[in-house]
Amino acid sequence: MFELEKIPGLAAILYNAVAARGFKSLYKKLAEEIVTEVKSGKVLDIGTGPGCLPIEVSKLNARLEIIGIDLSSKMIDLARKNSEAAKVDRVGYELADAHNLPYPNDSFDFIFSSSSLHHWRYRNQVFREIRRVLKNDGSAYIWDFRKDASKREIKTTIVSSSFYALYLSWALKFHGLRTEEWRALDNRFSVRWNGALACLILKKND
Ligand SMILES: C[S@@+](CC[C@H](N)C(=O)[O-])C[C@H]1O[C@@H](n2cnc3c(N)ncnc32)[C@H](O)[C@@H]1O
């Protein structure tokens, strides 16, 4: 099936409205994991979308210098507006492609990404880029959905509201990776499984 890479304008506006409300508790959980892993330094968010996750991270640890990148200029506009509204000023946004990160080697202490992996055309190329720009001992947490998760798994691990669980079980037709695709990654890297969500962990020195 044809998979969209960057999210176009109107879909970005819709995604912003849904994500900000529907995934609020998920962003909070992921932000808590991130600030447990990284206490200071430079952090990159790949496929930041409307910036909801870096904003939550910055609220928990304002010392982190975070850059969110996205292929969609509409998403970058929305992310800047959302950061301004949240009065978060240590998060910057740049239009960039994960396949060709515009940063020198060894730039970031930590990298995260949520719900963007399934869009990447050449995953191995992005994994190489992530390792290149990570500092020694740095790691990357790349979260995405399990496309074939049950409604029950969606409700227990992602959204407790029945309305958003219904929306997400429809949206997972177009988002996330099938369990078998996650297992193939798990054979090569480390994957942390959590119901409808999985997290690929890449380390610079692996
Ligand atoms: C489903 S949205 C997720 C947004 C956000 N991370 C979140 O959790 O709400 C996926 C985002 O990844 C971006 N994206 C897809 N391919 C990309 C690439 N190669 N480089 C940078 N961003 C990309 C899309 O434009 C889109 O904004």
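Please refer to the structure placed before this passage.
This section reports on the structure supplied with the text. (Residues numbered from 1 in each chain as written. Predicted model: local features only at pLDDT ≥ 70, side-chain atom pairs only at ≥ 80, totals over all residues.)

Moving on, we come to the sheet that holds strand 2 (residues 65-70). With mixed pairing, seven strands are arranged side by side in an open sheet as 3-2-1-4-5-7-6. Every other strand in the sheet has two partners, leaving strand 3 (91-95) and strand 6 (190-194) as the edge strands with one partner each. In this sheet, neighbouring strand axes are inclined to one another by 20° on average, regardless of whether the strands run parallel or antiparallel. As paired elements, strand 4 (residues 108-114) and strand 5 (residues 134-145) share six bridges and run parallel to each other. Its bridge partner lying in strand 5, S113 is registered against I142. (Pairing = 2+ DSSP bridges. Helix = DSSP H or I, 4+ residues; strand = E, 2+ residues; numbered from the N terminus. Axes fitted to C-alpha atoms, helices over the stretch in contact; angles between N-to-C directions.)

Right, let's get into the packing of helix 1 (residues 9-22) against helix 4 (residues 73-85). In the contact formed by helix 1 and helix 4, the axes pass within 8 Å of each other and the chain directions differ by 35°. You can see that helix 1 and helix 4 cross each other, and the crossing is right-handed. Here helix 1 contributes G9, A12 and N16 to the contact with helix 4, which in turn contributes K74, M75 and L78. Classifying every residue of the contact of helix 1 with helix 4 gives three nonpolar, two polar and one charged. (Left-handed = near helix turned anticlockwise from the far one by under 90°. Contact = placed C-beta atoms within 7 Å. Nonpolar A, V, L, I, M, F, W, Y, C, P; charged D, E, K, R; others polar.)

The next thing to look at is the nonpolar core. With 57 residues, the main nonpolar core has V43, L44, F108, I111, I130, I158 and V159 as its most contacted residues. Element by element, the count of residues in this core is highest for strand 5, at five residues. (Core = buried A, V, L, I, M, F, W, Y, C linked by C-beta atoms within 7 Å. Buried ≥ 20, exposed ≤ 12 C-beta atoms within 10 Å, placed from the backbone.)

The next point concerns helix 1. In this model, helix 1 (14 residues) spans 20 Å end to end at C-alpha, consistent with the 20 Å of a helix rising 1.5 Å per residue. Within the sequence span of helix 1, burial applies to A12, Y15, N16 and A19. On the buried face of helix 1, the contacting elements are helix 3 (52-60) and helix 4. (Expected span 1.5 Å × (residues − 1).)

Now for the site of the ligand. Close to the ligand lie 23 residues; G47, G49, A98, S116 and H119 are nearest. Breaking the shell around the ligand down by element, the ones donating at least two residues are helix 3 and strand 2. Tallied by class, residues from the shell around the ligand come to ten nonpolar, nine polar and four charged. (Near = placed C-beta within 6 Å.)

Notably, K87 is not glycine yet its phi reads approximately 55°, a positive angle. Residue placement: K87 occurs in the loop between helix 4 and strand 3. A tally of 9 C-beta atoms within 10 Å means that K87 is categorised as exposed. Located in the positive-phi region is D106, a residue other than glycine, with phi close to 55°. Position of D106 relative to the elements: it lies in the loop between strand 3 and strand 4. In this structure D106 comes out as partly exposed when scored by C-beta crowding, with 13 C-beta atoms within 10 Å.

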